[in-house]
Amino acid sequence: MTGWGMAPLRLAVGLVFLVHGAQKLFVFGIGGVAGLFFGNLGIPAPMAAAVVVSLVEFLGGIALVLGFLTRWAALLLAVNMLVAVLVVHARKGFFLPDGAEFALTLLGANLTLLLVGPGSASIDRG
């Protein structure tokens, strides 16, 4: 059982990102994410940012669930969450629904996966 401790974290965090990425890609669409959200936040090159963020969340979520390239996926997702905290959530306080607490939790979880690795129940084992 040693080494399986990261599996629940990897699966839960991966599922969260997979679903959020799928929502951006298949519900809002890249144009919706870029125009209605990123553009209003003043993010430079909102269309390019929407593509990158949507794909990082969707593919990164899949990678975490599978335990494939876990550290790389966790690094990209941690950067994603750091930007989300600094640009979107920090100015809205700590508590949900709009504050930084959930994004900070996801940032911490991804940093843990980056530093510790995926655990035994994964494709990349280290």
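Residues numbered from 1 in each chain as written. Predicted model: local features only at pLDDT ≥ 70, side-chain atom pairs only at ≥ 80, totals over all residues. Heavy atoms only, no water.

K.L.:
How should I be thinking about the overall build of the chain in this particular structure?
P.N.:
The number of helices and strands found in the chain is 4 helices and 0 strands. Counted from the first residue to the last, the chain has its helices and strands arranged as α-α-α-α. Counting only C-alpha atoms and orienting by the principal axes, one finds that the chain spans roughly 45 × 30 × 20 Å. Counting the 126 residues in the chain, one finds 37% classified as buried. Considering only contacts within the chain whose residues lie at least 6 apart along the sequence, 64% involve residues at least 24 apart. (Helix = DSSP H or I, 4+ residues; strand = E, 2+ residues; numbered from the N terminus. Buried < 20%, exposed > 50% of the residue type's maximum accessible area, 1.4 Å probe, protein only. Contact = heavy atoms within 4.5 Å.)

K.L.:
Any chance you could explain helix H4 (residues 101-116) here in plain terms?
P.N.:
For an α-helix, 3.6 residues make a turn, and residues three or four places apart therefore share a direction. The terminal C-alpha atoms of H4, which comprises 16 residues, lie 22 Å apart, in line with the 22 Å expected from a rise of 1.5 Å per residue. By the burial criterion, the buried members of H4 are Ala103, Leu106, Leu107, Ala109, Asn110 and Leu113. Taken down its axis, H4 places every buried residue within 165° of arc, on the same side. Opposite its buried face, H4 presents the exposed residues Thr105, Leu115 and Val116, each directed more than 90 degrees away. Close packing links the buried residues of H4 with helix H1 (6-41), helix H2 (46-66) and helix H3 (70-89). Gly117 sits one or two positions beyond H4 and adopts a positive phi of about 100°. (Expected span 1.5 Å × (residues − 1). Arc of directions from axis to C-beta.)

K.L.:
Just checking my understanding: could you explain the packing of H1 against H2 for this structure?
P.N.:
Packed helix pairs are specified by the crossing angle of their axes together with the interaxial distance, meaning the distance between the axes. Where H1 contacts H2, the two axes come as close as 7 Å, and the packing angle between them is 165°. Classified by the interaxial angle, the pair formed by H1 and H2 is roughly antiparallel. The two elements H1 and H2 cross, and the hand of that crossing is left-handed. Classifying every residue of the contact of H1 with H2 by side-chain character gives 24 nonpolar, 7 polar and 3 charged. (Axes fitted to C-alpha atoms, helices over the stretch in contact; angles between N-to-C directions. Parallel < 35°, antiparallel > 145°, perpendicular 65-115°, else oblique. Left-handed = near helix turned anticlockwise from the far one by under 90°. Nonpolar A, V, L, I, M, F, W, Y, C, P; charged D, E, K, R; others polar.)

K.L.:
So what exactly am I meant to see when it comes to the environment of Ser54 here?
P.N.:
Here Ser54 shows up in helix H2. Linking Ser54 and Leu25, residues 29 residues apart in sequence, is a C-alpha distance of 6.2 Å. Among all residues touching Ser54, those that are not within four sequence positions of it are Gly21, Lys24, Leu25, Ile30 and Val33.

K.L.:
Just to check I follow, could you spell out the pattern of salt bridges for this structure?
P.N.:
Note on pairing: side chains with opposite charge can pair once their charged atoms come close. Counting across every chain of the model gives 1 salt bridge. Between Glu57 and Lys24 there is a salt bridge; the shortest N-O distance is 2.9 Å. With Glu57 in helix H2 and Lys24 in helix H1, the pair connects residues that are 33 residues apart, well separated along the chain. Like Lys24, Glu57 is buried. (Salt bridge = Lys/Arg side-chain N within 4 Å of Asp/Glu carboxyl O.)

K.L.:
Can you help me understand the packing of aromatic side chains in this one?
P.N.:
In this description, an aromatic ring pair is defined by two values, namely the gap between the centres and the angle between the planes. Applying the stated rule across the entire model yields 3 aromatic pairs. Geometrically, the ring pair formed by Phe37 and Phe38 is tilted, given 5.4 Å between the ring centres and 40° between the ring planes. A residue is classified by how much of its surface remains accessible, and Phe37, at 40% relative accessible area, is partly exposed. When the centroid spacing of 5.2 Å and the interplanar angle of 90° are considered together, the rings of Phe94 and Phe95 count as edge-to-face. Residue classification places Phe95 among the exposed positions, given a relative accessible area of 61%. (Phe/Tyr/Trp six-rings, centres within 6.5 Å; stacked < 30°, edge-to-face > 60°.)

K.L.:
Honestly, the side chain of Thr70 in this entry has me stumped. Any pointers?
P.N.:
Mapped onto the elements of the fold, Thr70 is located in helix H3. Looking at Thr70, the relative accessible area reads 0%, which means it is buried. Ignoring anything within four residues of it in the chain, the contact list for Thr70 reads Arg10, Ala63, Leu64, Leu113, Pro118 and Asp124.

By themselves, these figures tell us nothing about what the structure is for.
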